[in-house]
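Survey of secondary and tertiary structure
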Amino acid sequence: MGERRGEGTVVTPSAEFPPLGAEELDALRRIGDQWRTAPGRPGRSRELPVDPTLGRYRHPPTPTRFGRLASIELFRVSEPGEEQPEGNEPEELVATEPANLPGSRLGRGLARVRRVVLGPPLRSSAVLYERMRKLVALPVLSSDLLSSVAYGPEAMLTVLVLAGSSALGLSLPLAALLVLLMVAVGISYRQTIPAYPHGAGSYIVASDNLGSVAGLSAAAGLMMDYVLTVAVSIAAGVNAVTSALPGLTRFTVPLGILVIAVLLAGNLRGVRTAGNIFAFPTYAFIVALVAVLGAGFAHAAGRGFAPLPPPHVPAAEGLGLLLVLRAFSSGAVSMTGIEAVSNAVPAFRPTEWRNARTTLSFMVGMLVFLFAGIVVLIHLEGVVPVPGQTVLSQLARRSLPTGPWYALVQAATALILLLAANTAYNDFPRLLFFMARAGHAPRRFLHLGDRLAFSNGLVVLSVTAAVVFVAFGGHTESLIPLYAVGVFLAFTLSQAGMVVHWRRHRGAGWRRRLTSNALGAALSGLVLLTAAFAKFAAGAWVVVLAVPLLVLLFHRVRVHYRRLNRALALRPPEGTAPPAMGTAAPGDRGAGPPEGEEEPQQVRHLVVVPMARLNRASLRALAYAASLGQPTLAVHLAPEEREADRFREQWEAWGDHVRLETVVSPYRAVIGPLAHYLEALHACRADLVLTVIVPEVVLRHRWYRPLHSQVEQRLRRALRRLPGVVVTSVPVHLPE
């Protein structure tokens, strides 16, 4: 789990190893008591033929006779300055960095390339320092939010212009409503941060206050939001590049895939490193937009702020309520990313929630200033959307017509749009972490990579976004209808959850906070319904269908983990159970399924060795089986009676030291008959543990594999599904 520190939460590498609960600890003690009473168990279990601390083999690295390089120690006990164990506790071995290197030459080469691209691995203790200060967190977490003003106003105008040039005058009142929505939602998330300082925003808030289904719906909306953030941002960024360099238009898809790869590599280097890399484009974009707005308003002031008439555009649709609502919901995509700070509170330096709330305030303030300024300047300059050139590009050409400034503005816009996806790279893996911790996502998303980044989540986000980007050909217009529904579903559920939160926890000023959250929920819900209804046929149906399917998937994952946890949970031995639970008769001990046994004296073995032919590999497996001192059975499958007789003669020549059973397989199959035979053996004695020892020839080079049938691997896969069966292999290594 995330480790609680102060008022925030630190995500630690130990999250994938949750501690035992009180009941399981009690059961563990009772099981241990039974182990201590096993005959001969204490002394025999602690006597080892080798020193496990590797102390007697540890020596200082010195150059050898056959090489100039010193040998490398792969393990150590401790280092100067580290906390030493107290009392007589044994020292712990610590794997050094070279111990992580693969054994093969190819693997070591790939590891070196990985180190050059991603950097050296970071120690687990460094997770406390992989935080962002506000100066870095502001551009990293606001890149998605601020970059959306590059295409949000244009998306609103694209809908309004369908009713002709005269409808463009509605852009100002619609922008005023959107500013109100931005402020309301921003204030709501400011209240969410201190109330839920552990992050994961909408998912945690909705789950805690509205129930599991609402929480999973918010998570589904957020996940789609993050995937589409990457796709939309990169599509808009590539569009900005091709607006300035039309010759690159045919390379739209390859350019987008390349940017996704760069973002993945940058974020795999770790949170702090990625923040330092991607902070500059956001600040450059802010400066560029302020320059455009300043120059544009200066030109407008020279003519007394008289609006220029827009070019005449014939009406393609009638001006009605539905078109106005569509324009409003399209412009609302300028708010995407406003929830990023509340999802990434643990990524801030202490005090986490206070720094996060300050950062959010600056973000919302800059969003309102830039969005309102661009819409007003569009109105004053009479700009309308045209194919092949963005509205922001037109404003830059008019405001900064001479010098290199237009090219710099377009470069800054392209950079922020391309790298705005970095916000999703910060929040998507963290959301999966919290979902995995609750059992609603695969546990592998709890794992921190060697750079203390959620590598699995980053890869999933990159692959999914690349698929969406390619499927839509990199066209922003096709993706925005999918975008708004998922974003505002999460907004609505989060704000509704906060309304319930304040009703439950009636602290000082709770009515004021409840009112602001209710206003945010109502406005977000209006945008959600409008976007889902008005843009259903344009692609929003994908999100409407995908959200319940994702919720069902998350629920099934949770059901699986609950079933797994129940099956693997520790239980006290039957003989030590409390009287209220009942006790089993002494004669029943050990009669149940072997996979339910947890005490060594309950396990009864039968060792089975499949024998294809008598050679060094099979005899080595047989010798290993006999050395265990347990009842041993050899099984040979023959395609016909004559071959079975011949094998028995060879067996008798060997000495018949182990009981042999031959099974004739007239259809020449091996895996199926052997698996069914072992299943039948297990059915006869359900209390037996069948230990199947398989000889396995280890090939030194992969290109030799087609020369072998790989029966050993196929047999292991077939037997793995049988309960009460343990499969192990005795490797035989071929000489060079």
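This text gives an overview of the structure that appears in the document. (Residues numbered from 1 in each chain as written. Predicted model: local features only at pLDDT ≥ 70, side-chain atom pairs only at ≥ 80, totals over all residues. Heavy atoms only, no water.)

Things to note about the pairing of strand E6 (residues 632-638)
Across the 7 residues of E6, 7 count as buried, placing the element largely inside the fold. As paired elements, strand E5 (residues 604-610) and E6 share 4 bridges and run parallel to each other. In the strand pairing of E6, Pro610 is matched with Val635. The β-α-β motif built from E5, the intervening helix H21 (residues 616-627) and the parallel element E6 has right-handed crossover chirality. As paired elements, E6 and strand E7 (residues 659-664) share 6 bridges and run parallel to each other. Among the inter-strand pairings, His636 is bridged to a residue of E7, identified as Thr662. After leaving E6, the chain enters helix H22 (residues 641-654) and then returns to the sheet as E7, a path that is right-handed. (Buried < 20%, exposed > 50% of the residue type's maximum accessible area, 1.4 Å probe, protein only. Helix = DSSP H or I, 4+ residues; strand = E, 2+ residues; numbered from the N terminus. Pairing = 2+ DSSP bridges. Right-handed = clockwise from strand over helix to strand, strands pointing away.)

Description of the packing of helix H11 (residues 321-331) against helix H19 (residues 510-534)
With their axes 9 Å apart at the nearest point, H11 and H19 run at an angle of 115° to one another. In terms of orientation, H11 lies roughly perpendicular with respect to H19. H11 and H19 meet at a crossing whose hand is left-handed. Side by side, H11 and H19 meet where Leu322, Leu325, Arg326, Phe328 and Ser329 of the first sit next to Val527, Thr530, Ala531, Phe533 and Ala534 of the second. A per-class count over the contact of H11 with H19 returns 7 nonpolar, 2 polar and 1 charged. (Axes fitted to C-alpha atoms, helices over the stretch in contact; angles between N-to-C directions. Parallel < 35°, antiparallel > 145°, perpendicular 65-115°, else oblique. Left-handed = near helix turned anticlockwise from the far one by under 90°. Contact = heavy atoms within 4.5 Å. Nonpolar A, V, L, I, M, F, W, Y, C, P; charged D, E, K, R; others polar.)

Topic: the pattern of salt bridges
As enumerated under the stated definition, the model contains 7 salt bridges in all. Between Glu381 and Arg303 there is a salt bridge, with its nearest N and O atoms 3.4 Å apart. Of the two residues, Glu381 is situated in helix H13 (residues 352-381) and Arg303 in the loop between helix H10 (271-302) and H11; the sequence distance between them amounts to 78 residues. The shortest N-O distance in the salt bridge between Asp687 and Arg685 comes to 2.8 Å. For Asp687, a relative accessible area of 9% corresponds to the buried category. Relative accessible area serves as the criterion here: at 41%, Arg685 is assigned to the partly exposed category. Salt bridges sharing partners connect three or more residues here, namely Arg303, Glu381 and Arg398. (Salt bridge = Lys/Arg side-chain N within 4 Å of Asp/Glu carboxyl O.)

Concerning a nonpolar patch on the surface
Together, Phe536, Trp541, Val544, Leu545 and Leu549 line one region of the surface with nonpolar side chains, adding up to about 480 Å² of accessible area. Along the polypeptide, Val544 turns up in helix H20 (residues 536-568). (Patch = residues over 30% accessible without salt bridge, like charges linked within 9 Å, V, L, I, M, F, W, Y side chains within 5 Å. Areas by Shrake-Rupley, 256 points an atom, 1.4 Å probe, with all protein chains shown as cover.)

Let's talk about the side chain of Arg326
Tracing the backbone shows Arg326 in helix H11. Arg326 gets classed as buried once you look at its relative accessible area, which sits at 19%. Each residue touching Arg326, except ones within four places of it in the same chain, is listed here: Val159, Leu162, Glu317, Thr530, Ala534 and Lys535.

What about the environment of Val341?
As for its placement among the helices and strands, Val341 is situated in helix H12 (residues 340-343). Judged by relative accessible area, which is 0%, Val341 ranks as buried. Sequence separation between Val341 and Ala356 is 15 residues; the distance between their C-alpha atoms is 6.1 Å. For Val341, the contacting residues outside a window of four places in its chain are Leu141, Ile193, Phe348, Ala356, Thr359, Leu360 and Met363.

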